[in-house]
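Structural features, examined
This is what each chain is made of:
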Amino acid sequence: MFFVDTIELEGLGNRSYLAGGERTAVAVDPPRDIDTVLAAAARRGVRISTVVETHVHNDYVTGGLELARITGAAYLVPAGARVSFARTPVADGDTARVDTDLTLTAVATPGHTPHHTAYVLNEDGRPVAAFTGGSLLIGTVGRPDLVEPRLTEELARAQHASARRLAEGLPDETAVLPTHGFGSFCSSAQADGDSTTIGKEKESNAALSVDVDTFVADLLAGLEDVPAYYTHMGPANAAGGAPVDLTPPAVAAPDEIAARLAAGEWVVDLRNRIAFAEGHVAGSFNFEVDGKLATYLAWMIPWGKPVTLLAESPEQIADAQRELVRVGIDRPAAAATGGPDRWLREGERPASFPRSTFAGLAGPAGQDADRIVVLDVRRDSERAAGWIEGSVHIPIHQLHQRLGEVPDGTVWVHCAGGMRAGIAASLLDAAGRDVVAVDDGFDAAADAGLTVAAS
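All of the points below concern the structure found in this document. (Residues numbered from 1 in each chain as written. Predicted model: local features only at pLDDT ≥ 70, side-chain atom pairs only at ≥ 80, totals over all residues. Heavy atoms only, no water.)

Here we look at the overall build of the protein
Going by this rule: Secondary structure follows DSSP: runs of H or I at least 4 residues long count as helices, runs of E at least 2 residues long count as strands, and numbering of each begins at the N terminus. With the radius of gyration taken over C-alpha atoms, the globule rule is written as 2.2 Å times the number of residues to the power 0.38. Three labels apply to residues, based on accessible area from a 1.4 Å probe with only protein chains included: buried if under 20% of the type maximum, exposed if over 50%, partly exposed otherwise in between. Two residues qualify as a contact provided that any one of their heavy atoms is within 4.5 Å of a heavy atom in the partner residue. The method behind every accessible area is Shrake-Rupley, applied with a 1.4 Å probe, and residues are considered shielded solely by the protein chains displayed. Under this rule, positive means Lys or Arg and negative means Asp or Glu; His and the chain ends count for nothing. For this purpose, a charge sits on NZ of Lys, CZ of Arg, CG of Asp or CD of Glu.
A count of helical and extended segments in the protein gives 16 helices and 22 strands. Against the compact-globule benchmark of 23 Å for 455 residues, the protein has a radius of gyration of 24 Å, which places it among compact chains. For the protein, the C-alpha atoms occupy an extent of roughly 70 × 50 × 40 Å along the three principal directions. Classification of the 455 residues of the protein by burial places 56% in the buried group. Taking the contacts inside the protein whose residues are at least 6 apart along the sequence as the reference set, 68% of them involve residues at least 24 apart. Working note: accessible area of the protein is about 18,300 Å², and carbon and sulfur atoms make up 49% of it. Computed over 37 positive and 62 negative side-chain charges, the inter-centroid distance for the protein is 4 Å.

What follows is the structure in structure tokens.
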């Protein structure tokens, strides 16, 4: 009997896998914090004999090289990937033994990258699962525009062909186990469901149900902005991800926190957005540790800018460190725990701003409409489905560079659910603007009586 364990990377919207038999196993697309994979192997009582990459990743730093070094495992990387470290190059049709009666077969599936490779897990020669990386995902495919703009259409066409190659070559009951598609911006859309098979994808995946020209046109039309930090992930992975240091950062006293803010460094408050709005260090930014911390902080912070972390507990700091090393933000400059009473210098008072709902925006605030600005920080695709009439639109990942474009007045900022509005409100508050964070689901806007337009 074989097993497949899923290692969830919820903050990044990805999955890694550990698959094997009684004695040995393979790790697929492992995260940089490899202790998660080692712990999974220890729970199963197996040795990791093989580590495989489906591609050189664009959205996180891999732990594959370090995991292979520590375990002595063979490190399989697609032969077409340009890397600067020793590895076992894998070509289409190559096989590798995982355990007794368990083998992997490499299947060239270009599209997400030119060298992308899927791996089919076979038990007694029968395909039982396909690790599809950024190729065939749940209801969609990986985006083809992360390598080189001139290659995007060519890679989109390759995605269509690769998805069909997998579907035509594998039994319907074969489990499809992708790396992307659970919130990752490496996916061209998000997964509709938690699990799938080749047969289910034949029924629902556009790559398997429409012609290539229609598929490519629709795919390219739906692509959105690429997170800025992706620029740094490919080179880091081509060089080989370095070991991580997850030891606690140096403790920052109030004077140091103030000095770092004065120097233009980022001080990031990891508490929930309700606590932050009620009281925080003036000038600090709010990125909830339970939100998509790594994605949005790495997307928005100037690369290489020192970051100091503030949190309620050492556990929140540790969770944030783990998230951030996955995207190459290796060591916080400093950290502090507790609350504003422990982070502010003597005589300083915490800053705060109000929170409200769409009903609050439609009520008393609506009577002073000429004094308020409604700021929508959702993505372009979200706004296209409906927006509050008269609102200003600046996607959250652009706001820090475009604060000067926000009109004068009290800014009521909203997103789809509240988390991104909390980030945006903290940026505006730090810039000295009067702000109200709309902590509400966008569906409530029309119910509150606000006029919602649509294209």
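Some remarks on the nonpolar core
To be explicit about the condition: Here, nonpolar core refers to any group of buried Ala, Val, Leu, Ile, Met, Phe, Trp, Tyr and Cys residues whose side-chain atoms link them within 4.5 Å.
Counting 53 residues, the largest nonpolar core has Leu270, Phe287, Leu309, Leu375, Leu399 and Val413 as its most contacted members. Residue contributions to this core peak at seven residues, all from helix α9 (residues 293-300). When near neighbours in sequence (up to four residues on either side) are disregarded, Val413 contacts Leu375, Val377, Ala421, Ala424, Ala425, Leu428, Val435, Val436, Ala437 and Val438. In terms of nonpolar packing, the next biggest core, distinct from the first, is built from 22 residues, Leu18, Ala27, Ala41 and Ile48 among them.

Let's talk about the pattern of salt bridges
What counts here: When a carboxyl oxygen of Asp or Glu is within 4 Å of a side-chain nitrogen of Lys or Arg, the pair counts as a salt bridge.
Tallied over the entire structure, the rule returns 31 salt bridges. Close ionic contact of Arg15 with Glu8 constitutes a salt bridge, the shortest N to O distance being 3.1 Å. Residue classification places Arg15 among the buried residues on the basis of a relative accessible area of 7%. Look at Glu8 and you get partly exposed, because its relative accessible area is 39%. The shortest N-O distance in the salt bridge between Glu382 and Arg420 comes to 2.8 Å. Here Glu382, found in helix α13 (residues 380-384), pairs with Arg420, found in helix α15 (residues 419-430); they are 38 residues apart in sequence, far enough to count as distant. Comparing Glu382 with Arg420, the two get one shared label, buried.

What to know about the environment of Leu361
As for its placement among the helices and strands, Leu361 is situated in helix α12 (residues 358-362). Take Leu361: its relative accessible area is 4%, and that puts it in the buried class. Taking the C-alpha atoms as reference points, Leu361 and Thr36, separated by 325 residues in sequence, lie 44 Å from one another.

With respect to the sheet that holds strand β1 (residues 3-9)
The line we're drawing: Criterion used throughout: strands pair if DSSP finds at least two bridges between them. Only the stretch in contact is used when a helix axis is fitted, and all axes are lines through C-alpha atoms; the angle between N-to-C directions ranges over 0 to 180 degrees.
The sheet built from six strands is open, its strands ordered β1-β2-β3-β4-β5-β6 with mixed pairing. Where the open sheet ends on each side, the last strands, each with one partner, are β1 and β6 (88-90). For this sheet, the mean inter-axis angle between neighbouring strands, taken without regard to orientation, is 25°. Where strand β4 (residues 47-52) lies against strand β5 (residues 74-78), three bridges are found, and the strand directions are parallel. Across the sheet, the residue bridging to Val52 is Leu76, located in β5. Most of the contacts of helix α1 (residues 35-44) go to β1, to which it runs at about 150°, and overall it touches β1, β2 (14-20), β3 (24-28) and β4. Sitting on the sheet, helix α2 (residues 64-71) is in contact with β3, β4 and β5, with an inclination near 150° to β4.

So, the sheet that holds strand β17 (residues 372-376)
Taking strand neighbours across the sheet as the criterion, the five strands line up as β16-β21-β20-β17-β19 in an open arrangement whose pairing is parallel. Edge positions in the sheet fall to β16 (355-356) and β19 (392-393), since each of these pairs with one other strand and no more. Where strand β20 (residues 410-414) meets strand β21 (residues 435-438), three bridges bridge the pair, whose relative direction is parallel. If you follow Val413 over to β21, its bridge partner there is Ala437. The strands touched by α15 within the sheet are β17, β20 and β21, with β20 carrying the most contacts at an inclination of about 155°.

Concerning the pairing of β3
Of all the five residues making up β3, five are buried; the element is thus mostly covered by neighbouring parts of the structure. Side chains Thr24, Val26 and Val28 of β3 all project onto a buried face; the interleaved residues Ala25 and Ala27 project onto the opposite face, where all are buried too. Relative to β3, β2 is paired through four bridges, and the arrangement is antiparallel. Its bridge partner lying in β3, Gly20 is registered against Ala25.

Here's the deal with helix α10 (residues 314-325)
Threshold: To estimate how far a helix should reach, multiply one less than its number of residues by 1.5 Å.
Along its twelve residues, α10 runs 17 Å from first to last C-alpha, staying within 8% of the 16 Å computed at 1.5 Å per residue. Turning to α10, the residues buried within the fold contact α9, β14 (307-311) and β15 (334-337).

Points about the side chain of Ser49
Looking at where Ser49 falls in the secondary structure, it is placed in strand β4. Residue classification places Ser49 among the buried positions, given a relative accessible area of 16%. Ignoring anything within four residues of it in the chain, the contact list for Ser49 reads Thr24, Ala25, Ala73, Ala74 and Val98.

Observations regarding unusual backbone geometry
Despite not being glycine, Asp101 shows a phi value in the positive range, around 65°. Examined against the element boundaries, Asp101 turns out to sit in the loop between β7 (95-99) and β8 (102-108). Exposure remark for Asp101: the relative accessible area of 48% places this residue in the partly exposed category. Located in the positive-phi region is Asp124, a residue other than glycine, with phi close to 55°. Looking at where Asp124 falls in the secondary structure, it is placed in the loop between β9 (117-123) and β10 (126-133).

Side note on the packing of aromatic side chains
Keep this limit in mind: Only rings of Phe, Tyr and Trp enter the pairing, Trp through its six-membered ring, and a pair is recorded when the two centres are within 6.5 Å. The plane angle decides the type: under 30 degrees is stacked, over 60 is edge-to-face, the rest tilted.
Taken as a whole, this structure holds nine aromatic pairs when the rule is applied. On the numbers, 5.7 Å between centres and 20° between planes, the contact of Tyr75 with Phe85 is stacked. Taken together, the positions of Tyr75 in strand β5 and Phe85 in the loop between β5 and β6 put the pair ten residues apart, joining distant regions of the chain. The residues Tyr75 and Phe85 share a single accessibility class, namely buried. Consider the rings of Phe358 and Phe442, whose centres lie 5.9 Å apart with planes at 85°: the pair is edge-to-face. With Phe358 in helix α12 and Phe442 in the loop between β21 and α16 (443-447), the pair connects residues that are 84 residues apart, well separated along the chain.

Spatial relationships are all this shows, so hold off on functional conclusions.
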